[in-house]
Amino acid sequence: MKTNKRKGILMLVLILMVSLLISACGGNSGGNGEAVQSNSPANDAKKTTSDNTLEEATLKMVLIGSKPTDYDEIFSEMNKLLKEKINTTIETEFLDWSDWSSKYPLKFAANDDFDLVFTANWAFYHNQASNGGFYELTDELLQTYTPMTWKATPKVSWDQAKIKGKLYMIPNNNQEFTDKVLMIREDLRKKYNLELVNSPETFAVYAKTIARNEKGMSGFAAAAGGGYKWHELDNVLLEQQNEWRLVDPNMPFAFKLDDPKGTVFNVYDTPEFEKLLVYYKDLADNGVWSKNVVNSKNDVWQDMKAKKAASLKGNLGTLGFQIVEARRDLPDVEMTIADLTPNQKKTAAISTQNGMAIHATSKQVERSLMVIDLLQNDKQIHDLTMYGIEGKHYLSLGDDKYNPGPSRDKYTGFSNWGWNSDLNRTEASYPKEASDIESTWNDKTYHYPLESFVFDDKNVRNELASIGNVMLRFGVPLEYGLIPDLDKGRDELINQLNVAGLDKIQSELQSQVDAFLTNNK
Amino acid sequence: MKRSGFWSDLVKYRTLLLMLLPAVLFFIVFAYIPMTGVVLAFKQYTYDGGIFGSPWNGLDNFRFFFESGQAWQVTRNTALYNIAFIIVNNVLQIAVAILLFEVANKWFRKIFQTMLFLPYFISWVVVGAIAYNLFSYDFGMINVVLTTFGMDKIDIYNTAEYWPVLLVIVSAWKAVGYGSIMYLAAITGIDTEMYEAAEIDGANVFQRIFKITLPNLYPTIIILVLLAIGNIFRGDFGMFYNMVGNNGLLFANTDVIDTFVFRALTSSNDIGMSSAAGFYQSVLGFVTILFANYAVRKYDKDRALF
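Source: prediction; values computed, not measured.

## Section: the overall build of chain B
Next, step 1: When helices and strands are counted, chain B shows 15 helices and zero strands.
Next, step 2: For a compact globule of 306 residues, the expected C-alpha radius of gyration is about 19 Å, and chain B comes in at 25 Å, more than 25% above that figure.
Next, step 3: For chain B, buried positions account for 27% of its 306 residues.
Next, step 4: The long-range share in chain B, meaning contacts at least 24 apart out of those at least 6 apart in sequence, stands at 67%.

Here's what the structure looks like:
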């Protein structure tokens, strides 16, 4: 009896203690939640000051990436220029690469005090815009406070950045292509007297010849152990070759680039995919990639440099710089860039790839806009913030090229891409092959109606999680030619996808696409 | 009799209670308070709502796991692997501990013990890399050796049937050293007089092991096994993920709840759905340990955990 009572009291004390602690936590997060809801973008934007009477202002800017070593030197220089031009100084906070994706939403959730912020379609643009984290930018505001940007940025870029007809970011103004190309060993191609590699067929001959004749070298550098749900070459041989576009790499739906209706279809269920499986199987059986490719997590570029692989897929820009590196480190090999789909339509990254936005509760909307205008379009400020100090971090070469300076490494690695623009310089050693391809692509760039469509997975999260698992489990081994019977493997894949709820996602996706197309007519 | 109240007891046993305090605090802070996060399993997690402010969504978070069509398979794999690990590892650990105990040469014993213990300190990431270099089809050591003897290569990474055996071996290799030390400590605690008496009575080594050492080890064995059973529905993520990775061909035989959930949810980043899976594992584990403990109680009341 006595012990029971004592136990009871002890339990009570314990429960009280725990509940106290918990409610403390709960109170905290609850408070944050309310703060966000009060973030109405109804901030007054009327404190317009005419240019000749600009008051002194200090703005806070949030960028992604680690703080560069020479940040103080360069940004104090920039502040001098900004002070002179628009009587403004900027303080910058950096969200480190290691944890930016958890800190970034928190900056908004906690309603921290900041004015300018980097954003991008890969960095919460849609998410924060729909949560009310950004200040809505009207045409009028832009024309008044960012006149240079307004003039320089093409209309299509502005349109791409709009969400349900409203604009929340000033997109960067820089053409980037999403098409992928291959890096191949030109010296080996010549050694075996092979045709120029410029199509899927010539590539297959090249890769098989190398795999057969060069000991210890695979034809294509693939490391499929990283959780990517497609074959490495699918971007090129499935999407670019057929002029399709995957809506999202986490589900097997694509649409035709030139389809005005935007009909989405299951990629695995097309004759094109069936044909490609045969193509891949042939490569796999000829040892173009390792039998254990799905367990490999190798750094493919290091494999290429170590002469363990004869080709590599990548972005044009990335491969361009890797060729520069190879020329410096490996004088005995000759690498070049091959475009396997030279005649197909080329697609550009949409403008929201990088950009700057203004915090919904900023009290300095106009001034923030003026800063972005200068960052993008003032040659002096743009050069300074993009490349650092002339002679130290970069050596300017004419108006549009540069060579890296001695302290180049001390000013790099953060998201100053937010204000990429026509004033960007290219590195002088950037290989000619790459810039040649880029200039031919410029004429073939194709803008399609669904360019800025983003799928909202809210209603189909459960199905999507299962679909991803099925793609990884049945799709990837099938594409890498590890399953002997292609037809059986494909049937199994499609069956499992149906079990996992593919139809539900498809109809949800199609209705979102239809709505998007009607809204953006 | 004088009635001693709660407060007078508190004063009376203050020293003992003070000594208990760190352990109690530890469990409150690291086990009981985080446990309230289990509400996430029933919520649609949003950044601004946080753990307690997010809206409820009933059992929606559990739908993904049970409607995937894989729930039974991965649950079965998890349980079977853990049962195999518990049996094989414990038997080997006990055997090694007894052998080490019986080895007279102290110098040899120390070296042997250190060598066995070493794998315990190797991270699964490194073990995964070592395994890849052993088993790879093109350059793996096993296949190189096989080809030099003129035999056919074996394609380990594309053959699911090998993996249950491989994983049990690797797990044993890594765990034997650590566990054997625990058992060795228990054996060292056995009264040596019993051995002396047995020797005088003419018992040989095997009789001593089966009549003295093993019976005296039972309490330790039962406690360790019971503790392990509580985690029977938690796959060793580090092990499975680093050994198997994203190789879909092996999943039928190697996928456990933890790897399945990890793969499904890394792209969607849904905290609620991951919590639901964790909750499912905890409930299963809780039920299992209740049953196991009940069984032990039936058999021998003093040996049960509670």
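From this point, things continue past the structure.
## Overview of the overall build of chain A
Next, step 1: Along chain A, the regular secondary structure elements total 19 helices and 16 strands.
Next, step 2: A buried classification covers 40% of the 521 residues belonging to chain A.
Next, step 3: For chain A, restricting intrachain contacts to residue pairs at least 6 apart in sequence, the fraction spanning at least 24 positions comes to 77%.

## A look at the pairing of strand β7 (residues 180–185) of chain A
Residues and elements named next belong to chain A.
Next, step 1: Of all the six residues making up β7, six are buried; the element is thus mostly covered by neighbouring parts of the structure.
Next, step 2: In β7, alternate side chains face the same way, and those of Lys180, Leu182 and Ile184 on one face and Val181, Met183 and Arg185 on the other are all buried.
Next, step 3: Taken together, the five bridges between β7 and strand β11 (residues 311–315) define a ladder with antiparallel strand orientation. By the bridge assignment, Leu182 is partnered in β11 with Lys313.

## Quick word on the sheet that holds strand β3 (residues 116–119) of chain A
Sheet strands pair via backbone hydrogen bonds, and the direction of the pair is either parallel or antiparallel.
Residues and elements named next belong to chain A.
Next, step 1: Across the sheet, five strands lie side by side as β2-β1-β3-β13-β6; this open sheet has mixed pairing. With partners counted over all chains shown, the strands left at the sheet margins are β2 (88–95) and β6 (169–171), one partner each. For this sheet the average axis-to-axis angle between neighbouring strands, irrespective of direction, equals 25°.
Next, step 2: In terms of strand pairing, strand β1 (residues 57–64) meets β3 through two bridges, oriented parallel.

## Examining the packing of helix α14 (residues 365–377) of chain A against helix α15 (residues 379–387) of chain A
Residues and elements named next belong to chain A.
Next, step 1: Here α14 crosses α15 at 80°, and the two axes come no closer than 6 Å. The orientation of α14 relative to α15 falls into the category roughly perpendicular. Across from Leu374, Leu375, Gln376 and Asn377 in α14, the residues of α15 making contact are Ile381, His382 and Thr385.
Next, step 2: Its residues placed into classes, the contact of α14 with α15 shows three nonpolar, four polar and no charged.

## A closer look at helix α18 (residues 486–499) of chain A
Residues and elements named next belong to chain A.
Next, step 1: Between its first and last C-alpha atoms α18 spans 20 Å; for 14 residues at 1.5 Å apiece the expected length is 20 Å, and the two agree.
Next, step 2: Looking at α18, one finds that the buried residues are Gly489, Leu493, Gln496 and Leu497. Along the axis of α18, the buried residues cluster in a sector spanning 100°; they form a single face. Pointing more than 90 degrees away from the buried face of α18 are the exposed residues Asp487, Lys488, Asp491, Asn495 and Asn498.
Next, step 3: Residues of α18 that are buried sit in contact with α17 (461–479) and α19 (502–519).
Next, step 4: Note on α18: the residue one or two positions beyond its end, Gly501, has a positive phi of about 100°.

## A few points about the sheet that holds strand β14 (residues 394–397) of chain A
Residue and element names in this part refer to chain A.
Next, step 1: Pairing is mixed across the open sheet formed by three strands, whose spatial order is β14-β15-β16. Both outer strands of the open sheet, β14 and β16 (426–427), are each paired with one neighbouring strand and no more.
Next, step 2: Sheet topology note: the strand β15 (residues 401–404)/β16 ladder contains two bridges and is parallel. Counted as the bridge partner of Lys401 is Thr426 from β16.

## Some details on the environment of Arg327(A)
All names here are of chain A.
Next, step 1: With respect to the helices, strands and loops of the structure, Arg327 is situated in helix α13 (residues 316–329).
Next, step 2: On the neighbour-count criterion, Arg327 (14 C-beta atoms within 10 Å) is partly exposed.
Next, step 3: A sequence separation of 143 residues divides Arg327 from Val470, and the C-alpha atoms of the two residues are 42 Å apart.

## Section: the UniProt feature "domain: DUF3502" (unreviewed entry) in chain A
Next, step 1: UniProt records the feature "domain: DUF3502" (unreviewed entry) at residues 450–517 of chain A, using the numbering of this structure.
Next, step 2: For residues 450–517 of chain A, helix accounts for 72% and strand for 0%, while the C-alpha atoms at its two ends are 7 Å apart.

## Some details on the domain arrangement of chain A
All names here are of chain A.
Next, step 1: You can read the domains of chain A as domain 1 (54–175 + 350–423) and domain 2 (180–345 + 450–519).
Next, step 2: Computed from C-alpha coordinates alone, the two centres of domain 1 and domain 2 are separated by 34 Å.
Next, step 3: At the junction of the two partners, domain 1 supplies six residues and domain 2 supplies four residues.
Next, step 4: Looking at the side of domain 1 that touches domain 2, its residues break down into one nonpolar, four polar and one charged.

## A closer look at unusual backbone geometry
Backbone phi values are negative for most residues with the exception of glycine, while trans is the configuration of most peptide bonds.
Residues and elements named next belong to chain A.
Next, step 1: Unlike most non-glycine residues, Phe124 shows phi in positive territory, near 65°.
Next, step 2: Mapped onto the elements of the fold, Phe124 is located in the loop between β3 and α4 (125–130).
Next, step 3: For Phe124, a count of 21 C-beta atoms within 10 Å corresponds to the buried category.
Next, step 4: The phi dihedral of Glu243 falls on the positive side, at around 55°, and the residue is not glycine.
Next, step 5: Position of Glu243 relative to the elements: it lies in the loop between α10 (234–242) and β8 (244–246).
Next, step 6: Given 17 C-beta atoms within 10 Å, Glu243 falls into the partly exposed group.

## Side note on the nonpolar core
All names here are of chain A.
Next, step 1: Leu182, Met183, Ala207, Ile467 and Tyr480 are the most contacted members of the largest nonpolar core, which has 105 residues in total.
Next, step 2: Ranked by the residues each element gives to this core, the list is headed by α17, at nine residues.
Next, step 3: Counting residues in hydrophobic clusters, the runner-up holds 44 residues, among them Trp100, Tyr125, Met169 and Ile358.

## Some thoughts on the confidence of the model for chain A
Residues and elements named next belong to chain A.
Next, step 1: Chain-level statistics for chain A give a pLDDT mean of 86 and a share of 90% at 70 or above.
Next, step 2: Of all the helices and strands in chain A, helix α1 (residues 2–37) carries the lowest mean pLDDT, 53, while strand β10 (residues 265–266) carries the highest, 96.
Next, step 3: Taken together, the stretch residues 25–51 has pLDDT below 50 and engages in 38 contacts with residues farther than four places along the chain or on a different chain.

## Brief notes about helix α9 (residues 200–213) of chain A
Residues and elements named next belong to chain A.
Next, step 1: Taking 1.5 Å as the rise per residue, α9 with 14 residues should run 20 Å; its terminal C-alpha atoms sit 20 Å apart, in good agreement.
Next, step 2: If you check which residues of α9 are buried, you get Phe203, Tyr206, Ala207, Thr209 and Ile210. The arc that holds the buried residues of α9, viewed along the axis, is 160°, so those residues lie on one side.

## With respect to the interface of chain A and chain B
Next, step 1: Between chain A and chain B, the residue contacts involve 37 residues of the former and 40 residues of the latter.
Next, step 2: Looking at the side of chain A that touches chain B, the elements with two or more residues in it are α1, α3 (100–109) and α17 of chain A.
Next, step 3: By residue class, the composition of the side of chain A that touches chain B is 17 nonpolar, 15 polar and five charged.

## What about the confidence of the model for chain B?
Low pLDDT means the predicted coordinates in that region are not meant to be read closely.
All names here are of chain B.
Next, step 1: Taken over all residues, the pLDDT of chain B has a mean of 89, while the share at 70 or more is 97%.
Next, step 2: Per-residue pLDDT, averaged within each element of chain B, yields its smallest value for helix α3 (residues 50–53) (79) and its largest for helix α5 (residues 71–102) (94).
Next, step 3: Predicted complex metrics record ipTM = 0.80 and pTM = 0.77.

## Quick word on the UniProt feature "transmembrane region" (unreviewed entry) in chain B
Next, step 1: UniProt's feature table lists "transmembrane region" (unreviewed entry) at residues 16–42, 79–104, 116–135, 162–185, 216–233 and 277–296 of chain B, given in the numbering used throughout.
Next, step 2: In the segment residues 216–233 of chain B, helix accounts for 78% and strand for 0%; the C-alpha atoms at its two ends are 30 Å apart.

## Things to note about the pairing of β14(A)
Residue and element names in this part refer to chain A.
Next, step 1: Looking at chain direction, β14 and β15 are connected through four bridges and run antiparallel. In the strand pairing of β15, Tyr394 is matched with Pro404.
Next, step 2: Turn length for the β14-β15 hairpin, with the two strands adjacent in sequence and antiparallel, is three residues, and the turn residue Gly398 shows positive phi of about 65°.

Parameters and conventions
- Residues numbered from 1 in each chain as written.
- Chains lettered and ligands numbered in written order.
- Predicted model: local features only at pLDDT ≥ 70, side-chain atom pairs only at ≥ 80, totals over all residues.
- Helix = DSSP H or I, 4+ residues; strand = E, 2+ residues; numbered from the N terminus.
- Rg over C-alpha atoms; globule rule 2.2 N^0.38 Å.
- Buried ≥ 20, exposed ≤ 12 C-beta atoms within 10 Å, placed from the backbone.
- Contact = placed C-beta atoms within 7 Å.
- Pairing = 2+ DSSP bridges.
- Axes fitted to C-alpha atoms, helices over the stretch in contact; angles between N-to-C directions.
- Parallel < 35°, antiparallel > 145°, perpendicular 65-115°, else oblique.
- Nonpolar A, V, L, I, M, F, W, Y, C, P; charged D, E, K, R; others polar.
- Expected span 1.5 Å × (residues − 1).
- Arc of directions from axis to C-beta.
- UniProt positions renumbered as here; feature names shortened; annotations may be inferred.
- Domains from an automatic or database assignment.
- Core = buried A, V, L, I, M, F, W, Y, C linked by C-beta atoms within 7 Å.
- pLDDT = per-residue confidence, 0-100.

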